[in-house]
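Chain residues, written in single-letter form:
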Amino acid sequence: MRHLHVVVCLLVALELPSAASMAQDYRGAISAGNLQRLRPYDRIDFGEFEAELQIGWFASNDDATKFILIDQSGEIYSISLSDESGRWLIRQEGGAHAFALIDGLLLLGEPMILHRSDGRYYVNDGKLPKGYVPVALFHGISEGDLFIEATDNDGETQFMYYRLDRESGDLSLQNVIPFPERTDDAPAMRIGRIDFPVVIVSELAESRLYSDIYPDSFGELGAAEFQLVNGPAVFGAVNAPAASHLAWTNPLREQLNLLDLETGDNRVVAALDGAYPQFLLLTKDASAILAVNLDFQPEVVGWNTKSGERYDLGPYRACGRIPDRVALSRDGRALVIGCDTGLDIWRVSE
């Protein structure tokens, strides 16, 4: 199921000046202790490719050294970075049927491409069950686990749990997990950009927050419930994979907060004074919050969550629009920013 039909070629003479010329050390994950040394380290410039790469969507491996990209015609590419000059490019062969990318990620180093073709939904060349409309892919808790978020025929959100077999490369459906239920019908919204297995729902009128983490709170234990003093929370980020804290703001974006999802303690980190963080990220140890494109400025900003100290870390690459995607790598050592001109990979330098 995992194998794509591909054509592989080596693109030579594409220099990586930052990686080749700077012997930097980025062994540690991004944190408050090294935040001021976070800076651009690698870059992928779309203008260097013959393909019409103008979409900053990406998926990366755990250490942000290999990326899946898509061009204007819907072709899929995989680009790997190394200390040597050159990049590998893998291109999916065009088919006779209409192809629409939905999502993708790298699982155990292999591309997993969620797409629609000829009216059916697939992960790579494996068909998904009928009766579901998939919308996103997520890494699982264990190394070979994969979750697909989908909507069923009744309009309800479900999470389809798959397991990748290392030997055969096949994905097998293990379980279908319903969206966690709430006991009241008060108006509420799910906070977006928070990856499953974490589901956070914000009740708007009473400023309550419900946090579910699969599998622990999807059963009889139920969601953890929090009462926010200066809520409701409408925008936020969770530290992965621990999911111990939530960085969040309210609709007026007055303050940047850090909520401990284990104790319920909330800390006001800094005043935002209405500034809009287009992308908000929380480091693995929850010691630092990052904002990319704060108040529509093409820059990276960070805060120490304990002291509230702010770090203006500088501009990211020149883009023709707001970034399409921003993410921390799964190992926590890289910040990746993708827009219409390419990708910036930020790391902590000596």
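Residues numbered from 1 in each chain as written. Predicted model: local features only at pLDDT ≥ 70, side-chain atom pairs only at ≥ 80, totals over all residues. Heavy atoms only, no water.

A look at unusual backbone geometry
- The residue after Tyr214, namely Pro215, is reached through a cis peptide bond having omega 0°.
- Within the fold, Pro215 resides in the loop between strand E17 (208–213) and strand E18 (224–227).
- The peptide bond linking Gly231 to Pro232 adopts the cis configuration, its omega dihedral lying at 5°.
- For Phe296, which is not glycine, the phi dihedral falls at a positive 65°.
- Its place among the elements puts Phe296 in the loop between strand E24 (288–294) and strand E25 (299–304). (Helix = DSSP H or I, 4+ residues; strand = E, 2+ residues; numbered from the N terminus.)

Observations concerning the confidence of the model for the chain
- Taken as a whole, the chain shows an average pLDDT of 87; of its residues, 87% reach a score of 70 or greater.
- Counting contacts from residues 1–26, a segment whose pLDDT is below 50, to residues more than four positions away or on other chains yields 73 contacts. (pLDDT = per-residue confidence, 0-100. Contact = heavy atoms within 4.5 Å.)

Remarks on the sheet that holds strand E21 (residues 255–260)
- The four strands lie next to each other as E19-E20-E21-E22, forming an open sheet whose pairing is antiparallel. Looking at strand neighbours, the two that pair on one side only are strand E19 (235–238) and strand E22 (266–271), the edges of this open sheet. For this sheet, the mean inter-axis angle between neighbouring strands, taken without regard to orientation, is 20°.
- Bridge count for E19 against strand E20 (residues 245–249) is four bridges, and the pairing is antiparallel. (Pairing = 2+ DSSP bridges. Axes fitted to C-alpha atoms, helices over the stretch in contact; angles between N-to-C directions.)

Comments concerning the packing of aromatic side chains
- Tallying each qualifying case throughout the model produces nine aromatic pairs.
- Through pairs of rings, three or more aromatic residues link up here, namely Phe147, Phe159, Tyr161, Phe179, Phe196 and Tyr214.
- Its end group placed over the ring of Phe58, Arg325 keeps NZ or CZ at 5.0 Å from the ring centre. (Phe/Tyr/Trp six-rings, centres within 6.5 Å; stacked < 30°, edge-to-face > 60°. Lys NZ or Arg CZ within 6 Å of the ring centre and 35° of its normal.)

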